[in-house]
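# Overview (structure and organization)
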Amino acid sequence: MGGARTALFNWLFARRTGATFVLRIEDTDAARSSAEMVEGILASMRWLGLEWDEGPFYQSQRLDLYRAIVQKLMEADHAYRCYCTPEDLIKRRAAAAPQEWKYDGRCRLLSPDQNQRMQAEERPFAVRFRVPNVSQRARHAASQRRGPSRAERAHRSWLRRRTTTRHPTPRATADGWARARAVSSLASTARADDTSREETSRLDRRSP
Ligand SMILES: [Zn+2]
C-alpha cells in the first residue's frame, strides 16, 4: 500500500513536471522477494494506470555494483563486518526489554586478527556503517545537557557586557534609550545567576 502511494506521488510529479518515471524493484531481500511478488507489483502498477517510462530495474541485478561499493566503504574503514547471527540479535534484544535495544557495536571492536579468523571460518556476516560510537554520542549528549562550556559561558558573558556598555547614538530616541536600559537590565539579571540559562533563553524568545 505504501509502495502504491509512493508510486502514485512520483508518477504525478513526473507527469506534472515532464520528468522521467523510472520503476525500480527492491528485490535484494531474497527471503521476501519472489518472481510472483514482482509480477504482482507490475500488475498492480498497470492496473492503477501508473505506466512507467523506464525500467523495471531490479536491485538484485545490481548486486555487483553494491558489493564493489561496500568493499570500498570497508577499505576506507567507514563500514565493518558484523558476525552476530540473527538469533544472537534476537536474544540480546529480548534481554534488554522493555528497554529499546540498539546494536551494541561489539563487532566494530574486533581486531584484524579476530576478523581474519571469522573470515577463515567463513562465518556469515552483515555489513554495518561505522557511525560515531555510542560513548562519543553519549558524551556529546551529556555536554548538551550540561549546557554551555566554561569557555562558551565566558564568551556569552563578554557579549552581554558589550551589549550593556554600548550606548545609543546621540540621535537615539527616548524609546531607544528605554530599550537599551531594558537590554542592560536583562543582561544583568542573566549574569547575576549562573544557573539562569533557562531564564536567559526565555528572555531571548520573548524579544522580537
Ligand atoms: Zn556484530
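Residues numbered from 1 in each chain as written. Predicted model: local features only at pLDDT ≥ 70, side-chain atom pairs only at ≥ 80, totals over all residues.

### Section: the overall build of the protein
For the record, the criterion: A run of H or I in DSSP becomes a helix once it reaches four residues, and a run of E becomes a strand once it reaches two; helices and strands are each numbered from the N terminus. Any residue with 12 or fewer other C-beta atoms within 10 Å of its own C-beta is exposed, any with 20 or more is buried, and the rest are partly exposed; the C-beta atoms used are placed from the backbone. Note on contacts: residues are paired as contacts if their backbone-placed C-beta atoms lie within 7 Å.
In terms of helices and strands, the protein carries nine helices and four strands. Across the protein, helices and strands are ordered from the amino to the carboxyl terminus as α-β-α-β-α-β-α-α-β-α-α-α-α. Residue burial in the protein is summarised as follows: out of 208 residues, 0% are buried. Long-range pairs, those at least 24 residues apart, make up 67% of the contacts in the protein with a sequence separation of at least 6.

### Details of unusual backbone geometry
The peptide bond linking Gly55 to Pro56 adopts the cis configuration, its omega dihedral lying at 0°. Locating Pro56 in the fold gives a position in strand E2 (residues 54-58). Here the amide bond leading from Ala97 into Pro98 is cis, since omega sits at 5°, within 30 degrees of zero. Take Pro98: it is sitting in the loop between helix H4 (86-96) and helix H5 (112-120).

### Considerations on H5
Burial within H5 is sparse, with just zero of its nine residues counted as buried. Looking one or two places after H5, you find Glu122, whose phi comes out positive at around 55°.

### Considerations on the confidence of the model for the protein
Selection rule: Confidence scores here are pLDDT values: one per residue, from the predictor, ranging 0 to 100.
With 69% of its residues at a pLDDT of 70 or more, the protein shows a mean pLDDT of 77. Confidence, expressed as mean pLDDT per element, reaches its minimum in the protein at helix H9 (residues 197-206) with 40 and its maximum at strand E3 (residues 79-82) with 94. Across residues 165-170 the pLDDT falls below 50, and counting only partners more than four positions away or on other chains, this stretch makes three contacts in the model. Note that residues 185-208 has pLDDT below 50 and, in this model, 12 contacts with residues that lie over four places away or in other chains.

### Quick word on the pairing of E2
Successive side chains on a regular strand alternate, one facing one side of the sheet and the next facing the other. For clarity, the threshold we go by: In this analysis, strands are considered paired if DSSP registers two or more bridges between them. When the strands point away from the viewer, a crossover counts as right-handed if the path from the first strand over the helix to the second runs clockwise.
Bridging between strand E1 (residues 22-25) and E2 involves three bridges; their strand directions are parallel. Bridging from a neighbouring strand, Val22 pairs with Glu54 of E2. Taken together, E1, helix H2 (residues 35-48) and E2 constitute a β-α-β crossover, and its handedness is right-handed.

### A closer look at the environment of Ala7
Turning to its location among the elements, Ala7 is positioned in helix H1 (residues 2-17). By the C-beta count within 10 Å, which is 18 here, Ala7 ends up partly exposed. Residues Ala7 and Leu48, spaced 41 residues apart in sequence, show a C-alpha to C-alpha distance of 9.9 Å. In contact with Ala7, not counting residues within four places along its chain, are Met45 and Leu50.

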